[in-house]
Amino acid sequence: MKRIGVLYHVDTLMHVTDFTRPWMESFESPQRITLTLDFLRKSDLSKSGEIDFLEGKRAEVKDVLRVHHPYIFHIIDELSKIGRGIAGELSYVSRGTFRAAFAAAGTAIKAGELVVKGVYDQCFALIRPPGHHAGVAHAEGLCFFNNVAVMIKYLQEEVGIGRIMVVDWDAHVSDGTSQIFYDDDTVLVLSFHEYDFDQGERGGIQEIGYGKGEGYNVNVPLPLGTAEDCYFDVFVEFFEPLARNFRPDLIAISAGFDAHFADPVGNMNLRSKTYFKLSEEVLKVAGRVCNSKIVFVLEGGYNLLALPLSVSAVLYGLNWNRSKIL
Ligand SMILES: [Zn+2]
């Protein structure tokens, strides 16, 4: 049995919004996927056969509608047909956006299913557009469909998995994912993110879930500029006890890499090496609580040099041979 699967789908390259203006939208480019894939293919992990590259799949309409309201689904579809438009704040549409969003969600589903069914120990869905800001009925922040949420609902309803822990280490709050599972006690959402303590904003510690879901949404807001050691200590402090108490069947990482110091969008100070440590930590705890079942779903991460290094650091972190770390 192979240990690690890396999944991608060519349709995810069809979402191209660099025509809008030279700002945030242009950072979320197809090169994020192609350069990372190229880098991984040339890595020792690939050469030694420790990771497999697998083709993802397109989601079905019913998969997306398990999470999203037809309203936003229809808006993204129609704007894609026109070839341009704004589906939500900072969510620009191109002709290929609808197809790309389906491929992203479907590839996340396939990655989760391969792990849950034991075909792979861990999988990494190398997908775009990202998803964690997308809520039930809105697109936002470069996100259209919430890929992690679509995967989770599929696994719960089609594969029969019970409890899933989402750990979001993107630099930004997992507000879409939190909204979708806010009253759900079967999905624990833990988000580490930069936070404006002067103004206050979404993503504060007071967002703890509601009703049945109270206590199942945990925000860990951090000051801008937080560096590696502090971040890692805080990560361990929250992640370990929550995972031990919740005892998930699967850990899903919303793996954004825009907390890297060189990222043009995020404002944190992690390094590629930090993602190695985070991955190693998640694997250690997952070994105790969920038979090492982890699925990684790409969120942000916009520096085209740092992203391939950081993704490969995650995969090295899952590998027992530490001598190979970059
Ligand atoms: Zn982000």
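Just above sits the structure.
Treat the numbers as computed from the prediction; the structure is a model and nothing was measured. Within any chain, residue numbers begin from 1 and follow the written order of that chain's sequence. Predicted model: local features are reported for residues with pLDDT of at least 70 only, side-chain atom pairs are reported and counted for 80 or more only, and whole-chain, interface and lining totals are derived from all residues.

Caption draft 1: Here's a closer look at the nonpolar core. The term nonpolar core means buried Ala, Val, Leu, Ile, Met, Phe, Trp, Tyr and Cys residues held together as one set by C-beta atoms within 7 Å. Each residue is classified by how many other C-beta atoms fall within 10 Å of its C-beta atom, where C-beta atoms are placed from the backbone; a count of 20 or more means buried, 12 or fewer means exposed, and values in between mean partly exposed. Among the nonpolar cores identified, the biggest contains 106 residues, and Ile76, Ala108, Ala125, Val150, Ala252 and Val297 are the most heavily contacted of them. Element by element, the count of residues in this core is highest for helix H6 (residues 97–116), at 13 residues. Note on contacts: residues are paired as contacts if their backbone-placed C-beta atoms lie within 7 Å. In this structure, Ala252 is in contact with Val148, Met151, Ile152, Ile164, Val166, Val295 and Val297, ignoring residues within four places of it in sequence. Counting from the N terminus, the helices are DSSP H or I runs at least four residues long and the strands are E runs at least two residues long.

Caption draft 2: Seen up close, the sheet that holds strand S6 (residues 139–140). In this analysis, strands are considered paired if DSSP registers two or more bridges between them. Read across the open sheet, the 3 strands follow the order S4-S3-S6; overall the sheet is mixed. Here the strands that pair on one side only, and so sit at the sheet edges, are strand S4 (91–94) and S6. Where strand S3 (residues 84–89) and S6 come together, 2 bridges link them in parallel fashion. Paired with Glu89 across the strands is Glu140, a residue of S6. Along the sheet, helix H5 (residues 70–82) makes contact with S3, S4 and S6, crossing S3 at roughly 155°. Lines fitted to C-alpha atoms define the axes here, with helix axes fitted over just the stretch in contact, and angles between the N-to-C directions of these axes take values from 0 to 180 degrees.

Caption draft 3: Structural context of the environment of Lys47. Along the chain, the position of Lys47 falls in helix H3 (residues 44–47). Remark: the alpha-carbon pair of Lys47 and Asn267, spanning 220 residues in sequence, is separated by 34 Å.

Caption draft 4: Spatial organisation of the environment of Val93. For Val93, the position within the fold is in strand S4. A tally of 28 C-beta atoms within 10 Å means that Val93 is categorised as buried. Taking C-alpha positions, Val93 is 9.4 Å from Asp77, a pair spaced 16 residues apart along the chain. Aside from chain neighbours lying at most four places away, what touches Val93 is Ile76, Leu79, Ser80, Arg84, Gly85 and Ala87.

Caption draft 5: Fine view of helix H2 (residues 31–41). Along H2, the residues classified as buried are Arg32, Ile33, Thr36 and Leu40. An end-on view of H2 places all buried positions within 90° of arc, on one side of the element. In this fold, the buried residues of H2 make contact with strand S1 (4–8), H3 and helix H11 (306–317). In this description, the arc belongs to the directions extending from the helix axis to the C-beta atoms.

Caption draft 6: Examining unusual backbone geometry more closely. Of the consecutive residues Arg128 and Pro129, the connecting peptide bond is found in the cis state with omega at -5°. Among the secondary structure elements, Pro129 is positioned in the loop between strand S5 (122–125) and S6. Positioned with a positive phi, Asn291 is a non-glycine residue whose angle comes to about 55°. Its location among the elements puts Asn291 in the loop between helix H10 (272–289) and strand S11 (294–298).

Caption draft 7: Fine view of helix H7 (residues 147–159). Expected helix span is computed as 1.5 Å times (number of residues minus one). With 13 residues, H7 ought to run about 18 Å at 1.5 Å a step, and its terminal C-alpha atoms sit 17 Å apart, in line with that. Two residues or fewer after H7 comes Gly160, characterised by a positive phi angle close to 85°.

Caption draft 8: Geometry of the sheet that holds strand S2 (residues 51–55). Taken in spatial order, the 8 strands of this open sheet run S2-S1-S5-S11-S10-S7-S8-S9, and their pairing is parallel. Whereas interior strands pair on both sides, the edge strands pair on one side only; in this sheet they are S2 and strand S9 (217–222). For this sheet the average axis-to-axis angle between neighbouring strands, irrespective of direction, equals 15°. With 6 bridges joining them, strand S8 (residues 187–194) and S9 adopt parallel strand pairing. Bridging across to S9, Ser191 finds its partner in Asn219. Seen against the sheet, H7 touches strand S7 (164–168), S8, strand S10 (250–255) and S11 and runs at an angle of roughly 165° to S10.

Caption draft 9: Structural context of the environment of Pro248. Here Pro248 lies in the loop between helix H9 (228–246) and S10. A residue is classified by how many C-beta atoms lie within 10 Å of it, and Pro248, with 22 of them, is buried. For the pair Pro248 and Leu37, spaced 211 residues apart in sequence, the C-alpha to C-alpha distance is 30 Å. When neighbours within four sequence positions are excluded, Pro248 is seen to be in contact with Arg163, Ile164, Met165, Leu188, Ala243, Val289 and Cys290.

Just geometry here; none of it tells us what the structure is for.
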